[in-house]
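# Structural overview for review
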Amino acid sequence: MPSIAANLAQIEQGLRKETRLVAVTKTKPTTLLMEAYEAGARVFGENKVQEMVSKHEELPKDIEWHMIGHLQTNKVKYMAPFVGLVHSVDSFRLLKEIDKEAKKNDRVIDCLLQIYIAREETKFGLSEDEALEIISSPDLAALGHVRIVGLMGMASNTDDQSIVRNEFRGLKATFESFKAHENQQVIMRELSMGMSGDYLIAQEEGGTLVRVGSAIFGSR
Ligand SMILES: *Cc1c(COP(=O)(O)O)cnc(C)c1O
């Protein structure tokens, strides 16, 4: 089996310099995270707050930690001191909670709105209209400790690449249309889409952040 370093090198080779790789480290032991770190990876994505907090405590402090999983409001406080980007904001209520905890830590937390683009039934993610409602809400201005810096989406779990490509293309179109609503707090800069199976399609369709786990660490 190729090493983590070899996998990372191979993936990086396919990415343009504008596309940032988020190494998805969820469920992996810190020994493997350190292997990725030694190979140069500095942006790690986790989907559970507790796991991210304990890994953050244990590992070098120049790692940028991204939350990519569904978030419960009562967990936000644990990650607020250090989280680099939250990919998975799916309600105004959650954004308010992130703002509150960011304020306590005297920082501004960058967030992406998670948009529902897949065919599968999923509990998480906003429709385009719901996201638009959040970015154009007059109540957003009161949340001085969060910024919405882009969108995140997960394509359908299918081998049909044309479906995946279309979903990414749709998200990119939403991203572009939201630029009309930019202000100090809403900046359409990051488009988080693509995982191990579809990150190259995501890059072709305009993704700026790809979230890759199993292609780096294996799928055990
Ligand atoms: C696990 C996960 C990934 C990575 O998936 P792989 O197929 O292992 O690359 C990406 N995004 C989210 C939100 C995830 O939960």
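Here goes a summary of the coordinates provided.

Definitions and limits used
Residues numbered from 1 in each chain as written. Predicted model: local features only at pLDDT ≥ 70, side-chain atom pairs only at ≥ 80, totals over all residues. Heavy atoms only, no water. Phe/Tyr/Trp six-rings, centres within 6.5 Å; stacked < 30°, edge-to-face > 60°. Helix = DSSP H or I, 4+ residues; strand = E, 2+ residues; numbered from the N terminus. Buried < 20%, exposed > 50% of the residue type's maximum accessible area, 1.4 Å probe, protein only. Near = heavy atom within 4 Å. Polar contact = N/O pair within 3.5 Å; in protein donor to acceptor, adjacent residues only side chain to side chain. Areas by Shrake-Rupley, 256 points an atom, 1.4 Å probe, with all protein chains shown as cover. 1 Å grid on protein atoms, 1.4 Å probe; cavity = no way out; pocket = protein on both sides within 12 Å on 5 of 7 lines; lining within 4 Å. Sits in = over half its atoms within 2 Å of the grid points. Nonpolar A, V, L, I, M, F, W, Y, C, P; charged D, E, K, R; others polar. Salt bridge = Lys/Arg side-chain N within 4 Å of Asp/Glu carboxyl O.

Okay, the packing of aromatic side chains next. Under the definition given, this model contains one aromatic pair. Relative to Trp-65, the ring of Phe-44 lies with its centre 5.6 Å away and its plane at 80°, an arrangement referred to as edge-to-face. Placement of the pair is Phe-44 in strand E2 (residues 43-46) and Trp-65 in strand E3 (residues 64-67), with a sequence separation of 21 residues. The same class applies to Phe-44 and to Trp-65, which are both buried.

Taken together, Val-24, Lys-26, Ile-68, Met-154, Met-195, Ser-196, Arg-211, Val-212, Gly-213 and Ser-214 make up all the residues around the ligand. Separating an oxygen atom of the ligand from a backbone N or O atom of Gly-213 is a distance of 2.8 Å. Coverage of the ligand by the protein amounts to 84% of the 390 Å² it exposes when considered alone. More than half of the atoms belonging to the ligand lie within 2 Å of the grid points that define the largest pocket. Grouping the amino acids of the shell around the ligand by side-chain chemistry returns five nonpolar, three polar and two charged.

Pairing between side chains of opposite charge can happen when their charged atoms approach one another. Within this structure, the stated rule accounts for 17 salt bridges. Here Glu-101 and Lys-104 are joined by a salt bridge, their closest N and O atoms 3.1 Å apart. Note that Glu-101 and Lys-104 are positioned in helix H5 (residues 92-104) at a spacing of three residues, about one turn of the helix. With relative accessibility at 59%, the residue Lys-104 sits in the exposed group. In this structure, Glu-176 engages Lys-172 in a salt bridge whose closest nitrogen and oxygen atoms are separated by 2.8 Å. Of the two residues, Glu-176 and Lys-172 are both situated in helix H7 (residues 161-178); the distance of four residues between them amounts to about one turn of the helix. Take Lys-172: its relative accessible area is 25%, and that puts it in the partly exposed class. Beyond isolated ion pairs, a larger network of salt bridges with shared partners links Arg-20, Glu-64, Asp-110, Arg-147, Arg-189 and Glu-190.

It is worth stressing that arrangement in space is one thing and function is another; only the former is reported here.
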